[in-house]
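# Close look at the chain arrangement
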Number of protein chains: 2
Amino acid sequence: MTGTWHHIEGGVTAPKGYRAAGFAAAIKPGSTKKDCALVASDKSAAAAGAFTKNLFKAPPVQWTEQVVRHGRMRAVFVNSGNANACTGEQGFNDARATAERIAGGLEATPEEIGVLSTGVIGVTLPMDRISNGVDGCLRALSPEGSIDAARAIMTTDTVPKERAVEIHVGGGKIRIGAIAKGSGMISPNMATMICVVTTDAKVSARTLKTLVKDAVQVSFNQMCVDTDMSTSDSVICMANGAAGLAEIKPDSPEFPCFKTALTALFIEMAKALVKDGEGATKLVEIQVTGTNNDNDAKTIARAIANSQLCKTAFYGGDPNWGRIACAAGYSGVKFDTSKLSLWLDDVMVMTQGMPANYEEVQAAARMKKPEFIVRLNVGDGTGQATFWTSDLSYKYVEINADYRT
Amino acid sequence: MTGTWHHIEGGVTAPKGYRAAGFAAAIKPGSTKKDCALVASDKSAAAAGAFTKNLFKAPPVQWTEQVVRHGRMRAVFVNSGNANACTGEQGFNDARATAERIAGGLEATPEEIGVLSTGVIGVTLPMDRISNGVDGCLRALSPEGSIDAARAIMTTDTVPKERAVEIHVGGGKIRIGAIAKGSGMISPNMATMICVVTTDAKVSARTLKTLVKDAVQVSFNQMCVDTDMSTSDSVICMANGAAGLAEIKPDSPEFPCFKTALTALFIEMAKALVKDGEGATKLVEIQVTGTNNDNDAKTIARAIANSQLCKTAFYGGDPNWGRIACAAGYSGVKFDTSKLSLWLDDVMVMTQGMPANYEEVQAAARMKKPEFIVRLNVGDGTGQATFWTSDLSYKYVEINADYRT
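Residues numbered from 1 in each chain as written. Chains lettered and ligands numbered in written order. Predicted model: local features only at pLDDT ≥ 70, side-chain atom pairs only at ≥ 80, totals over all residues. Heavy atoms only, no water.

Time to look at the overall build of chain A. The number of helices and strands found in chain A is 11 helices and 16 strands. Its C-alpha radius of gyration of 22 Å places chain A within 12% of the 22 Å reference for a compact globule of 405 residues. Evaluated residue by residue, chain A yields a buried proportion of 63% over its 405 residues. For chain A, the share of sequence-separated contacts (at least 6 apart) that also reach a separation of at least 24 residues comes to 80%. Of the roughly 13,900 Å² of accessible surface on chain A, 49% is carried by carbon and sulfur atoms. Chain A carries 42 positive and 42 negative side-chain charges, and their two centres are separated by 2 Å. (Helix = DSSP H or I, 4+ residues; strand = E, 2+ residues; numbered from the N terminus. Rg over C-alpha atoms; globule rule 2.2 N^0.38 Å. Buried < 20%, exposed > 50% of the residue type's maximum accessible area, 1.4 Å probe, protein only. Contact = heavy atoms within 4.5 Å. Areas by Shrake-Rupley, 256 points an atom, 1.4 Å probe, with all protein chains shown as cover. Lys, Arg positive; Asp, Glu negative; His and termini not counted. Charge placed at Lys NZ, Arg CZ, Asp CG, Glu CD.)

Glancing now at the pairing of strand β13 (residues 347-351) of chain B. Sheet faces and side chains relate simply in a regular strand, where the side chains alternate between the two faces. Residue and element names in this part refer to chain B. Pairing geometry for strand β12 (residues 341-344) and β13, over 3 bridges, is antiparallel. Counted as the bridge partner of Trp343 is Met348 from β13. Between β12 and the antiparallel strand that follows it, β13, lie 2 residues; Asp345 among them carries a positive phi value of about 50°. Relative to strand β14 (residues 354-355), β13 is paired through 2 bridges, and the arrangement is antiparallel. (Pairing = 2+ DSSP bridges.)

This part takes up the environment of Gly22 of chain B. All names here are of chain B. Mapping Gly22 onto the fold places it in strand β2 (residues 18-23). A relative accessible area of 7% means that Gly22 is categorised as buried. As a C-alpha pair, Gly22 and Gly133 span 111 residues in sequence and 8.6 Å in three-dimensional space. Non-local contacts of Gly22, meaning those with residues more than four positions away in its chain, are made with Lys34, Cys36, Ala37, Cys137, Asp148, Ala149 and Ala152.

The subject of this paragraph is the packing of helix α7 (residues 294-306) of chain A against helix α9 (residues 321-329) of chain A. Residue and element names in this part refer to chain A. At a closest axis distance of 8 Å, the pairing of α7 and α9 adopts a crossing angle of 130°. One way to sum up the angle between α7 and α9 is to call them oblique. The hand of the α7/α9 crossing is right-handed. Contact residues: α7 offers Ile300, Ala303 and Ile304, while α9 offers Ile324, Ala327 and Ala328. By residue class, the composition of the contact of α7 with α9 is 6 nonpolar, no polar and no charged. (Axes fitted to C-alpha atoms, helices over the stretch in contact; angles between N-to-C directions. Parallel < 35°, antiparallel > 145°, perpendicular 65-115°, else oblique. Left-handed = near helix turned anticlockwise from the far one by under 90°. Nonpolar A, V, L, I, M, F, W, Y, C, P; charged D, E, K, R; others polar.)

Our focus in this paragraph is helix α9 (residues 321-330) of chain B. Residues and elements named next belong to chain B. A large share of α9 lies buried, amounting to 10 of its 10 residues. Those residues of α9 not exposed but buried are Trp321, Gly322, Arg323, Ile324, Ala325, Cys326, Ala327, Ala328, Gly329 and Tyr330. Of the residues one or two after α9, Gly332 is the one with positive phi, at around 105°.

Let us look at a positive patch on the surface. Residue and element names in this part refer to chain A. On the surface, Lys53, Arg69, Arg206, Lys209 and Lys213 cluster together to form a positively charged patch. Among the elements that take part in the positive patch, helix α5 (residues 205-217) stands out by supplying 3 residues, more than any other. Looking at where Arg206 falls in the secondary structure, it is placed in helix α5. A residue is classified by how much of its surface remains accessible, and Arg206, at 72% relative accessible area, is exposed. (Patch = residues over 30% accessible without salt bridge, like charges linked within 9 Å, V, L, I, M, F, W, Y side chains within 5 Å. Salt bridge = Lys/Arg side-chain N within 4 Å of Asp/Glu carboxyl O.)

Attention now moves to the pattern of salt bridges. For the structure shown, the criterion picks out 28 salt bridges over all chains. Its salt-bridge partner being Asp345 of chain A, residue Lys369 of chain A comes within 2.5 Å of it at the nearest N-O pair. Separated by 24 residues along the polypeptide, Lys369 of chain A in the loop between α10 (360-368) and β15 (371-377) and Asp345 of chain A in the loop between β12 (341-344) and β13 (347-351) bring together distant segments of the chain. Close ionic contact of Arg163 of chain B with Glu268 of chain B constitutes a salt bridge, the shortest N to O distance being 3.0 Å. With Arg163 of chain B in strand β6 (residues 161-169) and Glu268 of chain B in helix α6 (residues 255-275), the pair connects residues that are 105 residues apart, well separated along the chain. Glu268 of chain B sits in the partly exposed class, given a relative accessible area of 27%.

The geometry of an aromatic ring pair comes down to the distance between the two centres and the angle between the two planes. Residue and element names in this part refer to chain B. A full pass over the atoms with the stated rule returns 8 aromatic pairs over all chains. For the pair Phe314 and Phe372, a centre-to-centre distance of 5.8 Å together with 80° between the ring planes defines the contact as edge-to-face. Residue Phe314 is located in helix α8 (residues 308-316), and its partner Phe372 is located in strand β15 (residues 371-377); the two are separated by 58 residues in the primary sequence. Phe372 matches Phe314 in its accessibility class, with the two residues each being buried. When the ring centre of Trp343 is taken as reference, the NZ or CZ atom of Arg375 above it lies at 4.1 Å. (Phe/Tyr/Trp six-rings, centres within 6.5 Å; stacked < 30°, edge-to-face > 60°. Lys NZ or Arg CZ within 6 Å of the ring centre and 35° of its normal.)

Once that is clear, we can look at the confidence of the model for chain A. When pLDDT is averaged across chain A, the result is 90; 93% of the residues are at 70 or more. In this model residues 185-191 of chain A is a low-confidence stretch, pLDDT under 50, and it forms 45 contacts with partners more than four residues away in sequence or in other chains. (pLDDT = per-residue confidence, 0-100.)

Turning next to the environment of Ala46 of chain A. All names here are of chain A. Considering the arrangement of structural elements, one finds Ala46 in strand β3 (residues 36-51). The class of Ala46 is buried, set by a relative accessible area of 2%. Sequence spacing of Ala46 and Ser204 is 158 residues, and the spatial spacing of their C-alpha atoms is 6.0 Å. Beyond its immediate sequence surroundings of up to four residues, Ala46 is in contact with Gly71, Arg72, Val203, Ser204, Ala205, Leu208, Cys237, Met238 and Ala239.

A few words on the packing of helix α8 (residues 308-316) of chain A against α9 of chain A. Residue and element names in this part refer to chain A. Where α8 meets α9, the closest approach of the two axes is 9 Å, and the angle between their N-to-C directions is 155°. Relative to α9, α8 is oriented roughly antiparallel. Once α8 is placed against α9, the crossing between them reads as left-handed. Across the interface between the two elements, Leu309, Cys310, Thr312, Ala313 and Phe314 from α8 touch Arg323, Ile324 and Ala327 from α9. A per-class count over the contact of α8 with α9 returns 6 nonpolar, 1 polar and 1 charged.

A few words on the pairing of β6 of chain B. Residue and element names in this part refer to chain B. Relative to β6, strand β1 (residues 4-8) runs antiparallel, the two being bridged by 5 bridges. Looking across to β6, one finds that His7 is bridged to Val165. Bridge count for β6 against strand β7 (residues 172-181) is 9 bridges, and the pairing is antiparallel. Of the residues in β7, the one forming a bridge with Val169 is Gly172.

Following this line, the structure appears as structure tokens:
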């Protein structure tokens, strides 16, 4: 593999040629937090994205899918506090009007401006305040603005999420940066969230599309906080080529390194989202091996990751491995139960489908950790998958029992 | 339809020729509650059942499936406090030994004795105490014993559940009675629970099998408390003919009435289980109409019933209908979102996929009720389904975070 990569500080403005901003526009009445974010490339960038499959796709997502379909993007605007979902034609017109206002400020065309919204469903956007937010963001755009943008897109997230990597290839340096928000409604296809990714690599829209799709598969699509899929899930990626290096094509020597770094960034962001999932106190990695194929492993891992009973046991730190085996057993994947082995980190709690000889206190200690691994081997197959989930706490119920008030 | 039916007091001993008992045998160490139950027919009865599809089918379920396959049954023994699941060959031998001991006391053959267990997974049965429980139950068998049996099978249930109906047909009276336990791990295919049903009608094992299967489809398989399917779910039905009436066959004039009454009993029991689901404070009925077929309606209803976000909104009494529409939107069923209408009881909150004109306080009032209906119409099709779910409360998390200690 040509090239090396490592993590660096920063987010969407770590790559060259990007500016970002966050602005408080009281989109949710009475709110004083930053709630409008803008991430802009100095010049037109190749664009790719992955979007929710929910039938109730929010109007801004519909707008932004169109933008991505054209393959070029100058900027993405995100507001929190209102999802502009289930708002019909008015919602779509509001998304377009927002894009137009940003385009005016950036001397771009509206068709190059992505617009995303997250928050309450079924309420039309307060367009006067959105306009105010757009103008505020345009004024505040800065090469140091990533953290402000990361803060502005937060809803029930407790910490802003930004990450960046730097890739050293023959001719120089490439960077990839990202900001994202969770944190409820996180479930496969897609993980309910918004993630904006920037890179100064030169990549065609077509190649970027494949890269994003593949990376989403093994990151945002393999995590869950709850089992709900939102109407606004989106991953947007821009590549502006500002690093000044040769184009990265599928057959370029640096392609594998670029793909690995991008995927690692996505996985790290996915884990950060799960860890900050609503009410989450733990990040649990589910590793399944020994199935006939990767899909079967994913299905088993998902059943465990989605199980309310497993998730409450994770919360309580109760090594109730019966619930884990049980979830595997109803996942729909056929396997020989007498071949199942199960570990909590390094403690084997089941072997050959039966309780192993272990110390309860050892197993409990593993599950008290803020991060631990649940590992299942169900047979001799080569299939495998990794999934990330959170625990289910009192706090989750509190947050969601009365979200709107 | 020949015949009429109505609800009566009582449970499994309401029909003629049955005795039942409950006994405290400290199956869970230190417990003083009744934890062993026996339901016995005075003479050999036709038997049918429906069982969990979990790969980790508990050994007693495997045993009892064999019994049911033979079509005849004298009694069912149920212990709580230990599920005898993930216990391998030892578990199966223990189930058989239990059946043998009961058979000895009833002058029956072990092959006519069902044995079921519910409770913690992965611990072998304390056979000395099980034997004590069997003997205690045999001594206590009584025509008034239904309520004791109903109490003995409870785990985290808060109230014992017994129901009975009486059917008047040309020649006289037939009764059907039932006891059941929930209350976590309740999810379709099957609803995690144990239900024992008795009738003094004369019905062949083959006919009974069809009746039970059909009734389970529209009752226990259309409810959920959480999304987990247990290793012990079982419905057992005995028909001993003690009413002394003619055999009920599929072409008998009284067959439709018998089927209706049996189905109504199952549905009532399913609702009782959901209502007493772990931490449940509300019983929510999900009605979906307008799909192309019943299966699609069921899929949409299930997505809503399983949604953690919907269930926490139900708990909070928050009329956050966006979450309900959202769950319908990711259920996997294709429908025209611009045709969706949504009601909370009688309050229309969405019409044509958009917010309806309603008073927030009216909608909230409906959701504060201990029982309310969520009704969705998604189009012009004739498909429909009804599903029952509970809310997700702090108490659910508390109960399940540390179940074993």
